[in-house]
Amino acid sequence: MDGFKTKYSGGKSSPIGSPGGAVANQNMKARLKSVKIGTWNARSLFASGKLDNVMKEMSRLSINILGISDVRWPGSGKCRTNNGVFYYSGIDDPNHRYGVGVIIDKATNASVQSFTPYSERVMMLQIKTCTGHLNIIQIYAPTADSEEVEVKEFYAELETIIASTKKSDVTIVMGDFNAKVGKDKVEAQTGGFGLGERNERGERLIQFCQEKDLMVANTYFKLPYRRLYTWKSPADNPENIIRNQIDYILINNRYRNAVTSTKTYPGADINSDHNPVVAKLHIKMKKITKRPRNYIDARLLKNPKICDIVKYEVNKAMREFNVSQVDNVEGKWDEVQVTLREIATSHLVDKEPQRKKKAWMTSEILDLMEERRKSKGKEKEYRELQKRIQKRIREAKEEYLTLQCEEIEVLEKNFDSFHVHKKVKEMAGCHFEKAFDKVRHGVMYRLLDNKGIDAGDIRIISNLYWGQKAAARIENQLTEEIEIRRGQQRLVPSGSE
């Protein structure tokens, strides 16, 4: 197990700040990589610009893997951003409730082996390491006012997904547990550095940790209280402090010494009443070598300065071609293509380190978000900045959509139906697959019956086809539902695969 530090590895004593047990020797440390894994209750990513805000904070804090509770996105899938990939699991609920997700940076995403969207409260990512797998299980437990039956269902789902992992794997369970384990120590499960008093939900969480041999990492490090609390009540004020520790990162005891630190970041801001909890682990991912690719961004031509430079170089290159003495047309065309590609690569590859997920997202909005983060704690100033951000987002989206519509009008006047269709697909946020549901349901059911399939199972399969409805998500807004019939063409969100 040379890819991790385990409690069975060499060493004489535990260092200061270690959550206990022996540590790996210096040679092993040299081969390990420090990875930052965190979890954060975002209080919805449904609002425009919220995911960009999270990505900005994730980059600022140098987090490689960030779990999100209370995502509130419908359905499940993955959404590519310019800095990584967002995997999410939710339900098709018009009220946009619950939901979990995990954001992986580009380098780590190369090692992702599988994604299991179990429910709106539990999901798992399996990441390949040099010695096995790292299982990231992100959760969002029922709140304190939920019925007991919901809590039991949640833990049943969590047990099921953990049962699908191997004991030799590194398994991390993290998220908003809506439970207080408190500062009292429980051998092998919690340290003596939690926050507050344990409640009934905390007892249930500790019982679960004992059953699965997990330890609560953010109770093992002695830190100031401001680095321990994960949630602040709206009623919190200097005279009446109401702050709790309800978000946790759990790891199986076998790899407890892989965790070198765990703390919260109260200065981080995405307009949520929760703080992110971030753990630093020594772990070595499975290296996958990929050839870097340059992506041409034609939108850069909207910059007048860049457009003039490209025009000048293209015209100059075309003048240098002696078109009057062309013997081999195909060969000359290949030369033209190479030249144009070189010019585009030189000037139309976006080299800015901070890219934007949405085409309408601007640096001005991101700067306002940073200004809002710095004003955290100044209630009046914070609210004013939040209003400015929301207003600027609305204006930026309107400007972007107006520009897109104008481009479509120009394409229509030029009778360019291909690019009109392409532009409409981009605006709708989806593309049409060349696939239809052509299954003859009656024939399928007879075949299943002839194969001896149970009648109850056949009814379940039939329910997947009859009476089903669907809606398209455009800019995170759902359209009206339509009934799915045989021959219905499928709508696939452009961010999913």
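Cut-offs applied
Counting restarts for each chain: residues are numbered from 1 in the order of the written sequence. Side-chain atom pairs in this predicted model are given and counted only at pLDDT of 80 or more, local residue features only at pLDDT of at least 70, and totals for whole chains, interfaces and linings cover all residues. With hydrogens and water stripped out, all remaining heavy atoms of the structure feed into the side-chain values. Secondary structure elements are taken from DSSP: a helix is a run of H or I of four residues or more, a strand is a run of E of two residues or more, and numbering for both begins at the N terminus. The buried label goes to any residue with under 20% of its type's maximum accessible area, the exposed label to any with over 50%, and the partly exposed label to all in between, with areas taken from a 1.4 Å probe on protein chains only. In what follows, a contact means two residues having at least one pair of non-hydrogen atoms within 4.5 Å. In these tables, accessible area is a Shrake-Rupley quantity obtained with a 1.4 Å probe, and a residue counts as shielded only by the protein chains included in the view. For every residue, the predictor reports its confidence as pLDDT, a number between 0 and 100. Pairing between strands is defined by DSSP: at least two bridges between the two strands are required. Think of it like this: strands point away, you trace from the first strand over the helix to the second, and a clockwise trace means the crossover is right-handed. Each reported salt bridge corresponds to a side-chain nitrogen of Lys or Arg within 4 Å of a carboxyl oxygen of Asp or Glu. Polar contact criterion, stated in full: a pair of N or O atoms within 3.5 Å, where within protein one must be able to donate a hydrogen and the other to accept it, and residues adjacent in sequence count only if both atoms are side-chain atoms. Lines fitted to C-alpha atoms define the axes, with helix axes restricted to the stretch in contact, and inter-axis angles between N-to-C directions lie between 0 and 180 degrees. Stacked, tilted and edge-to-face are the three classes assigned to paired rings of Phe, Tyr and Trp, where Trp is represented by its six-membered ring and a pair needs centres within 6.5 Å; plane angles under 30 degrees give stacked, over 60 edge-to-face, the rest tilted. Both a distance and an angle decide whether a charge sits over a ring: NZ of Lys or CZ of Arg must be within 6 Å of the ring centre and within 35 degrees of the ring normal. In a helix, the anticipated span is given by 1.5 Å times the number of residues less one.

A tally of regular secondary structure across the protein chain gives twelve helices and 21 strands. Taken across its 497 residues, the protein chain has 45% of its residues classed as buried. Relative to all contacts within the protein chain whose residues are 6 or more apart in sequence, the contacts with residues 24 or more apart total 66%. With the model as given, the accessible surface of the protein chain reaches about 27,800 Å², and the carbon-plus-sulfur share is 50%.

It is worth spelling out unusual backbone geometry at this point. Here Asp 70, not a glycine, exhibits a phi torsion of approximately 60°, which is positive. Relative to the helices and strands, Asp 70 is located in the loop between strand S2 (65–69) and strand S3 (76–80). You will see that Arg 72, though not glycine, has its phi angle at about 65°, which is positive. Locating Arg 72 in the fold gives a position in the loop between S2 and S3. Residue classification places Arg 72 among the partly exposed positions, given a relative accessible area of 25%.

Moving on, we get to the confidence of the model for the protein chain. Residue-level pLDDT values for the protein chain average 80, and 74% of them are 70 or greater. Segment residues 1–31: pLDDT under 50, and 69 contacts once partners within four positions in sequence are set aside and those in other chains are kept. Of the regions scoring below 50 in pLDDT, residues 352–357 engages in 17 contacts with residues more than four places distant in sequence or in other chains.

Counting buried positions over the seven residues of strand S9 (residues 170–176) gives seven, a clear majority of the element. Bridging between strand S8 (residues 133–140) and S9 involves seven bridges; their strand directions are parallel. Pairing of Gln 138 across the sheet is with Met 174, part of S9. Chirality of the crossover, the property in question, places the unit of S8, helix H4 (residues 148–163) and S9 among those that are right-handed.

Our focus in this paragraph is the pattern of salt bridges. Tallied over the full model, the rule gives 13 salt bridges. In this structure, the salt-bridge partner of Glu 57 is Arg 60, at a minimum N-O distance of 3.0 Å. One end of the pair, Glu 57, and the other, Arg 60, are both in helix H2 (residues 50–60), three residues apart, so they sit about a helical turn from each other. Classification of Arg 60 as partly exposed rests on a relative accessible area of 35%. For Arg 372, the salt bridge identified is with Asp 269, shortest N-O distance 2.7 Å. Remark: Asp 269 occurs in the loop between strand S14 (259–264) and strand S15 (277–283) and Arg 372 occurs in helix H8 (residues 363–374); sequence separation between them is 103 residues. Comparing Arg 372 with Asp 269, the two get one shared label, buried. Salt bridges sharing common partners tie together Arg 43, Asp 70, Arg 72 and Asp 273.

We now examine the environment of Arg 226. Residue position: Arg 226 is located in the loop between strand S10 (214–216) and strand S11 (231–232). Under the relative-accessibility criterion, Arg 226 is labelled partly exposed at 48%. Filtering out sequence-adjacent residues up to four positions away, Arg 226 remains in contact with Thr 264 and Pro 266.

Turning our attention to the side chain of Asn 109. Along the chain, the position of Asn 109 falls in helix H3 (residues 106–109). Within polar-contact distance, the side chain of Asn 109 engages the side chain of Tyr 87 at 2.6 Å. Look past the residues within four positions of Asn 109 in its chain and what remains in contact with it is Arg 80, Val 85, Tyr 87 and Ile 104.

Spatial ordering of the open sheet is given by S6-S7-S8-S9-S13-S10, a layout of six strands whose pairing is mixed. Of all strands in the sheet, those with a lone pairing partner are strand S6 (112–116) and S10, marking the two edges. Taking each pair of neighbouring strands and ignoring which way they run, the sheet shows an average axis angle of 20°. Both S6 and strand S7 (residues 122–128) contribute to a ladder of four bridges, which runs antiparallel. In the strand pairing of S7, Thr 116 is matched with Met 124. Contacting S10 and strand S13 (247–252), helix H5 (residues 200–212) runs over the sheet at an angle of about 140° to S10.

Attention shifts here to the sheet that holds S3. In a beta sheet, neighbouring strands are held together by backbone hydrogen bonds and run either parallel or antiparallel to one another. In spatial order, the strands read S3-S4-S5-S2-S1-S15-S14; together these seven strands make up an open sheet with mixed pairing. One side of each edge strand has no neighbouring strand; the edge strands of this open sheet are S3 and S14. Taken pair by pair, the neighbouring strands of this sheet meet at an average axis angle of 15°, ignoring direction. Direction of pairing for strand S4 (residues 84–89) relative to strand S5 (residues 100–105): antiparallel, over a ladder of six bridges. Paired with Tyr 87 across the two strands is Val 102, which belongs to S5. Contacting strand S1 (33–41), S2, S4 and S5, H2 runs over the sheet at an angle of about 50° to S5.

With that settled, consider the packing of aromatic side chains. By convention here, two paired aromatic rings are described through the distance between centres and the angle between planes. In total, this model carries eight aromatic pairs according to the counting rule given. Considering the side-chain rings of Tyr 155 and Phe 208, the 5.4 Å spacing of their centres and the 55° angle between planes classify their relative orientation as tilted. One end of the pair, Tyr 155, is in helix H4; the other, Phe 208, is in helix H5, and 53 residues separate them in sequence. Residue classification places Tyr 155 among the buried positions, given a relative accessible area of 4%. When its relative accessible area of 0% is taken as the criterion, Phe 208 is described as buried. In textbook terms, an aromatic cluster arises when at least three aromatic residues are bridged by ring pairs, as seen for Trp 73, Phe 86 and Tyr 88. In this arrangement the basic side chain of Arg 121 is found over the ring face of Tyr 98, its NZ or CZ atom lying 4.1 Å from the centre. The lysine or arginine in question, Arg 227, covers the ring of Tyr 265, its NZ or CZ lying 5.1 Å from the ring centre.

The next point concerns H8. Its twelve residues give H8 an end-to-end C-alpha distance of 17 Å, which sits within 8% of 16 Å, the value for a rise of 1.5 Å per residue. Those residues of H8 lying buried are Ile 365, Leu 366, Leu 368, Met 369, Glu 370, Arg 372 and Arg 373. Among the structural elements, H2 and helix H9 (379–413) are those in contact with the buried residues of H8.

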